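# Architecture at a glance
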Amino acid sequence: MDMTTVPQNVVKRTTGLKENEAEHILEVKNLSVDFKVYGKTSHVLNGVSFTVKKGQRVGLVGESGCGKTTTLKAILRVLPGNAIVRSGEILFEGEDILKMNATKLEEMRRTGAGMVFQDPSSALNPVFTIEQQMMTALKYAYNEKVPMSELQKKAIAALKNVMLPDPKRILESYPFQLSGGMKQRVCIAMALAANRKLLLADEPGTSLDVTIQDQILRLINNLALESTLSVIMVSHSLGVIRESTSFVNIMYGGSVVESGDTKEVFHNTRHPYTKLLMECLPKLTGEGVAEGIPGRIPDYFNPPSGCRFSPRCPYVKEICHQQKPTMEEISPGHHVACYCANEVI
């Protein structure tokens with residue numbers, strides 16, 4: 001049959017994606033993850049859903065404990081043994097990561113998605129040199145098809161890209177001989193040198209001073225703009241997300257509560273939680289002292305029914321305690337899960 005006659009809404013046989021979904025490199029659909037802890041069940045992720053397009057920089061923002069890192073680990077399928085995926089799908093280029101066999105999963109990790117972990121000290125093995133670890137990572141990423149001399153060149157170039165001085169000395173060093181910021185830059189270099197399609201960056205600037213952090217974020221942004229590298233950037237810093245992403249997902253209590261174009265969400269905030277996050281930012285004028293959000297994140301062993309933010313929400317209604325709100329589009333591309341979205345100004 002002549003493919004030019006096939007309607008555009010027909011599913012593509014080669015990718016399993018519809019025409020309007022073909023540009024998505026990652027789709028997380030209704031992901032729920034529990035943890036078994038001392039005989040009890042902690043209900044952490046509660047229906048997380050978002051997408052990442054090819055070459056897109058997507059932010060995940062929220063308080064500590066809201067499920068950001070758990071979401072990234074679920075995408076790579078590196079959750080601890082006490083984790084249980086209760087429901088959901090994680091589609092990478094149309095294939096469900098949660099259903100991949102060992103061979104497919106290894107291929108996805110090698111060429112598809114890589115992660116920069118938040119704690120560089122635990123990400124690097126203390127008994128091997130940086131060179132040994134980088135060579136192992138690069139051989140794994142390139143499936144041993146590239147000569148060692150070429151891999152060493154890639155490693156040196158990657159260390160230079162993250163502004164590490166004297167990369168040859170760095171390669172000969174052990175992790176304990178490097179500062180926290182240098183170790184973090186080594187981890188970022190390893191992730192970027194592997195030339196993967198999706199980078200999961202979990203607080204990549206945590207151990208870096210502000211000048212180096214800015215340079216690293218610019219490097220990641222340039223890679224995303226110049227190639228098809230997609231990025232999921234996790235950060236507590238709204239400033240970093242504003243400057244480094246084009247799309248943002250606000251997370252609270254294991255769910256995405258607001259999502260949209262970064263500028264749109266920051267300028268037209270419609271979820272009470274997002275509004276309170278914005279109010280926590282210190283003012284450049286120095287007027288007043290920024291206060292935290294009253295209350296605490298939910299107890300995941302016994303989370304509140306309905307909206308998990310309802311115990312802390314200043315706009316709460318009776319229905320908020322009874323039924324979890326669904327994501328509704330309030331303007332093109334801007335979605336909010338809140339019964340009070342029209343009241344938040």
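Note that the structure is predicted; figures quoted are calculated from it, not measured.

Turning next to the sheet that holds strand β10 (residues 255-261). Whether parallel or antiparallel, the strands of a sheet pair through hydrogen bonds between backbone atoms. Sheet architecture is open: eight strands sit in the order β6-β7-β8-β3-β9-β10-β12-β11, paired in mixed fashion. With partners counted over all chains shown, the strands left at the sheet margins are β6 (113-116) and β11 (328-331), one partner each. In this sheet, neighbouring strand axes are inclined to one another by 20° on average, regardless of whether the strands run parallel or antiparallel. Here strand β9 (residues 247-252) pairs with β10 via six bridges, running antiparallel. Among the inter-strand pairings, Phe247 is bridged to a residue of β10, identified as Asp261.

Moving on, we get to the packing of aromatic side chains. Per the counting criterion, the structure on display carries four aromatic pairs. Summarising the aromatic geometry, the rings of Tyr174 and Phe176 are spaced 6.2 Å apart at their centres and angled 25° between planes, so their arrangement reads as stacked. Residue classification places Phe176 among the exposed positions, given a relative accessible area of 65%. Note on Tyr252 and Phe309: the rings are 4.9 Å apart at their centroids and 80° apart in plane angle, and the pair reads as edge-to-face. Linking Tyr252 in strand β9 with Phe309 in the loop between α11 (272-279) and α12 (318-322), this pair joins segments that are 57 residues apart in sequence.

Right, let's talk about helix α4 (residues 130-141) for a bit. With twelve residues, α4 extends 16 Å from end C-alpha to end C-alpha; this agrees with the ideal 16 Å at 1.5 Å per step. Considered for burial, the residues of α4 that qualify are Ile130, Gln133, Met134, Met135, Leu138 and Ala141. One or two steps after α4, the chain reaches Asn143, where phi turns positive at roughly 55°.

Despite not being glycine, Asn30 has its phi angle at roughly 50°, a positive value. Mapped onto the elements, Asn30 comes out in strand β1 (residues 24-37). Residue Asn30 is classed as partly exposed on the basis of its relative accessible area, which comes to 45%. One non-glycine residue, Tyr38, lies in positive phi territory at about 50°. By secondary structure assignment, the location of Tyr38 is in the loop between β1 and β2 (40-53).

Per the stated rule, a full pass over the model turns up twelve salt bridges. Across the pair Glu150 and Lys153 runs a salt bridge, and its minimum N-O distance is 3.8 Å. With Glu150 and Lys153 both in helix α5 (residues 148-161), this residue pair falls three residues apart, about one helical turn. On the accessibility criterion, Glu150 (34% relative accessible area) is partly exposed. On the basis of relative accessibility, which here comes to 54%, the residue Lys153 falls in the exposed class. Between Lys317 and Glu343 there is a salt bridge whose closest N-O contact spans 2.8 Å. In this pair, Lys317 is assigned in the loop between α11 and α12 and Glu343 in the segment after β12 (334-336), connecting sequence segments 26 residues apart. In this structure Glu343 comes out as partly exposed when scored by relative accessible area, which is 38%. Within the structure, one salt-bridge network assembled from shared partners comprises Glu106, Glu107 and Arg110.

It is worth spelling out the environment of Ala141 at this point. Inspection of the secondary structure puts Ala141 in helix α4. The sequence separation of Ala141 and Lys317 amounts to 176 residues, and the corresponding C-alpha distance is 51 Å.

Extensive coverage of β1 is indicated by the burial of ten of its 14 residues. Hairpin connection, β1 to β2: the antiparallel pair is bridged by two residues, and Tyr38 has positive phi, about 50°. Relative to strand β4 (residues 83-92), β1 is paired through eight bridges, and the arrangement is antiparallel. Bridge assignment links Ser32 to a residue of β4, and that residue is Ser87.

Let us now look at the confidence of the model for the protein chain. Looking at the protein chain as a whole, the pLDDT averages 86, with 90% of positions reaching at least 70. Predicted confidence is poor over residues 1-21, with pLDDT under 50, and the contacts of this stretch with residues over four places away or in other chains come to 15 contacts.

Among the secondary structure elements, His334 is positioned in strand β12. For His334, the side chain forms a polar contact with the side chain of Glu258, separated by 2.7 Å. Ignoring any residue separated from it by four or fewer positions in sequence, one finds His334 in contact with Glu258, Ser259, Gly260, Glu264, Val265, Asn268, Arg270, Glu328 and Glu329.

Position of Gly306 among the secondary structure elements: in the loop between α11 and α12. Separated by 43 residues in sequence, Gly306 and Lys263 place their C-alpha atoms 29 Å apart. In contact with Gly306, not counting residues within four places along its chain, are Cys320, His321, Gln322, Gln323 and Lys324.

Thresholds applied
- Along every chain, residues carry numbers that run from 1 in the direction the sequence is written.
- Confidence filtering applies because this is a predicted model: local features only for residues at pLDDT of at least 70, side-chain atom pairs given and counted only at 80 or more, and all residues used for totals across whole chains, interfaces and linings.
- In computing side-chain values, all of the structure's heavy atoms are included and hydrogens and water are not.
- Strand pairing is defined by DSSP finding a minimum of two bridges between the two strands.
- Numbering of helices and strands runs from the N terminus; a helix is a DSSP stretch of H or I covering at least four residues, while a strand is a stretch of E covering at least two.
- Simply put, an axis is a line fit to the C-alpha atoms, just over the touching stretch for a helix, and the angle between two N-to-C directions goes from 0 to 180 degrees.
- Only Phe, Tyr and Trp rings take part, Trp by its six-membered ring, and two of them pair if their centres are within 6.5 Å. Stacked means planes under 30 degrees apart, edge-to-face means over 60, and tilted covers everything else.
- Here's how the labels work: a residue is buried when its accessible area is under 20% of the maximum for its type, exposed when over 50%, partly exposed in between, all with a 1.4 Å probe on protein chains only.
- To estimate the expected span of a helix, subtract one from its residue number and multiply by 1.5 Å.
- Any Lys or Arg side-chain nitrogen located within 4 Å of an Asp or Glu carboxyl oxygen qualifies as a salt bridge.
- A residue's pLDDT is the confidence the predictor assigns to it, expressed on a 0 to 100 scale.
- Note on contacts: a residue pair is in contact if any heavy atoms of the two residues lie within 4.5 Å.
- Polar contacts here mean pairs of N or O atoms no more than 3.5 Å apart (in protein, one a potential hydrogen donor and the other a potential acceptor; neighbouring residues in sequence count only if both atoms are side-chain atoms).

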